[in-house]
Amino acid sequence: MKTLNQRIGVAVILAILLGLIFRHYQSFQLVEFVIPILELIGEVFILLLKMIMVPLIFFSLTSSISSLKKNKSSQLLWKGSIFYYLTTMVVAVILMMVVMNLFQDNLGGGQLVLEGNEPQSIFNSEEPHSLKDSIKSLIKNPFEALSQGNIMAVVIFAIFFGIALRSDNEHVKKVKIWVDGVFEVVMNIVNSIMKIAPVGVFALLSLLIIQQELSMFYQIGYFITLVFGVITFHGVVFLPLLLKVFSNESIKSFWQGIKNVLITAFATSSSAATLPVTMSTLENDFKVNKNVTRFMLPLGATINMDGTALYEAAVALFVASMVGVNLGLYDQILLVFLAMAASIGAPAIPSAGMVTLAIVLSALNLPVEYVAIFIPIDRLIDTFRTTVNVEGDVIGALIIDKYFKS
Ligand code: ASP
């Protein structure tokens, strides 16, 4: 079998088959024996991706920022990226809110009871709970941020470091050459990790199918249908439409080329862990300018989260309807900003959006403990959020690539 794409495709088919068989025969003894093996393989794959994630984000951003020339293209790159990230997120959130408001009467959340869930259990005591704490956690001693994998803080330091490298000083120039070299080394490691991607994807997807608890889905099925509907519309209609209008890429070749990226995002539920795949696919298969990929992809993985933003807004409106609070226009406008801020601040790791939901709910004076309802189903919803988050990063890079002249 030749390409990585094909091998990942086969891994997905095998994972679905194995997952469905094992789900059906849960009592089968072999299941108990195989699950720990799948867990180990899946965890090792994610650990490998996480191992390279922080060096990749740091060296990719510093190398690209320090290489940006002082010209119009560079301005377009950073201004265009931020503009794209913010507008696509606003559209996603507003669309979700319109749909929620339209179908509010059918939500029926009022009947739901919190049954013995431990509401605080998802919150790590070191996790920032308020907007103020979140902002403060962005600025950290770089060694602490790098060692803790605090991605937002790494990004901020990388931006400072990259700008500081843009100097004509001879010593600084030597550091810049070294940074560029280390980045190439990091990419070599990424390419070796990619070789085991099919096995990792196989393990993660089969586990997802075998283990996902579905009872909560039936209870809040209507709400989930609305969320999936908007996520699907955003990912299948809105973002590809932007691609068609603003880039040279054909929709067909986009879907064909992007498959392994989306599958990895789906399987890992982490934009940051998917970054190595996103980077190598856009550079090697789509031939996107490296100045664009190295700047936009790490930044996008960290801050551009359309799926997360729309989900945060949806949950806030759902919780409001459950507790019988009618959010007025002012609160709804505030919610647009809160959902965006909470998703920008969410680290690109599994279920991060669940944790930052607390910020949104408490800012609107809604009961934070209602987050507990969504915990059992978050693994599955996160797969969809993350897939759209990553798709947004890819489409942004393909659009900006059209206008960027290095
Ligand atoms: N898992 C998502 C991501 O990495 C973030 C979230 O919504 O939890 O993009």
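It should be emphasised that the depicted structure is a prediction, and the values quoted were computed from it without experimental measurement.

## Structural notes on the site of the ligand
Neighbouring the ligand are 14 residues; Ser271, Thr308, Gly353, Asp382 and Arg385 lie closest to it. A distance of 3.3 Å is found between an oxygen atom of the ligand and a backbone nitrogen or oxygen belonging to Ala348. For the ligand, a nitrogen atom lies 2.8 Å from a polar atom in the side chain of Asp382. In isolation the ligand exposes 270 Å². Once the protein is present, 100% of that is buried. Of all the secondary-structure elements, those providing two or more residues to the shell around the ligand are α16 (352-363) and α17 (375-403). Broken down by element, the residue count for the shell around the ligand peaks at 4 residues, all from α17. Residue classes in the shell around the ligand are distributed as 4 nonpolar, 8 polar and 2 charged.

## Remarks on the UniProt feature "transmembrane region" (unreviewed entry) in the protein
Mapped onto the present numbering, the UniProt feature "transmembrane region" (unreviewed entry) falls at residues 33-61, 82-103, 145-165, 185-210, 222-246 and 355-375. Helix makes up 95% of residues 82-103 and strand makes up 0%, while its end C-alpha atoms are separated by 32 Å. Spanning residues 145-165, this segment combines 86% helix with 0% strand, and its end C-alpha atoms are found 20 Å apart.

## Describing the nonpolar core
Of all hydrophobic cores here, the largest spans 127 residues; its most connected members are Met100, Phe223, Leu335 and Phe374. One finds Phe22, Val34, Leu38 and Ala203 within the second-largest nonpolar core, a separate group that totals 8 residues.

## Digging into the environment of Ile258
Assignment of secondary structure puts Ile258 in helix α11 (residues 251-268). Using a relative accessible area of 0% as the deciding quantity, one classes Ile258 as buried. A sequence separation of 136 residues divides Ile258 from Val394, and the C-alpha atoms of the two residues are 8.4 Å apart. Once residues lying within four places of it in the same chain are set aside, the contact partners of Ile258 are Phe286 and Val394.

## A few points about unusual backbone geometry
For Ser269, which is not glycine, the phi torsion reads 55° and is therefore positive. Topologically, Ser269 is positioned in the loop between α11 and α12 (271-285). Located in the positive-phi region is Ser351, a residue other than glycine, with phi close to 60°. If you trace the backbone, Ser351 turns up in the loop between α15 (329-345) and α16.

## Description of the side chain of Thr356
Looking at the element boundaries, Thr356 is found in helix α16. Reaching out from Thr356, the side chain makes a polar contact with the side chain of Glu312 at a distance of 2.9 Å. A distance of 3.4 Å separates a polar atom in the side chain of Thr356 from the backbone oxygen of Gly353. Setting aside its immediate chain neighbours within four residues, Thr356 contacts Glu312, Ala342, Gly345 and Ala346.

Criteria and thresholds
Residues numbered from 1 in each chain as written. Predicted model: local features only at pLDDT ≥ 70, side-chain atom pairs only at ≥ 80, totals over all residues. Heavy atoms only, no water. Near = heavy atom within 4 Å. Polar contact = N/O pair within 3.5 Å; in protein donor to acceptor, adjacent residues only side chain to side chain. Areas by Shrake-Rupley, 256 points an atom, 1.4 Å probe, with all protein chains shown as cover. Helix = DSSP H or I, 4+ residues; strand = E, 2+ residues; numbered from the N terminus. Nonpolar A, V, L, I, M, F, W, Y, C, P; charged D, E, K, R; others polar. UniProt positions renumbered as here; feature names shortened; annotations may be inferred. Core = buried A, V, L, I, M, F, W, Y, C linked by side-chain atoms within 4.5 Å. Buried < 20%, exposed > 50% of the residue type's maximum accessible area, 1.4 Å probe, protein only. Contact = heavy atoms within 4.5 Å.

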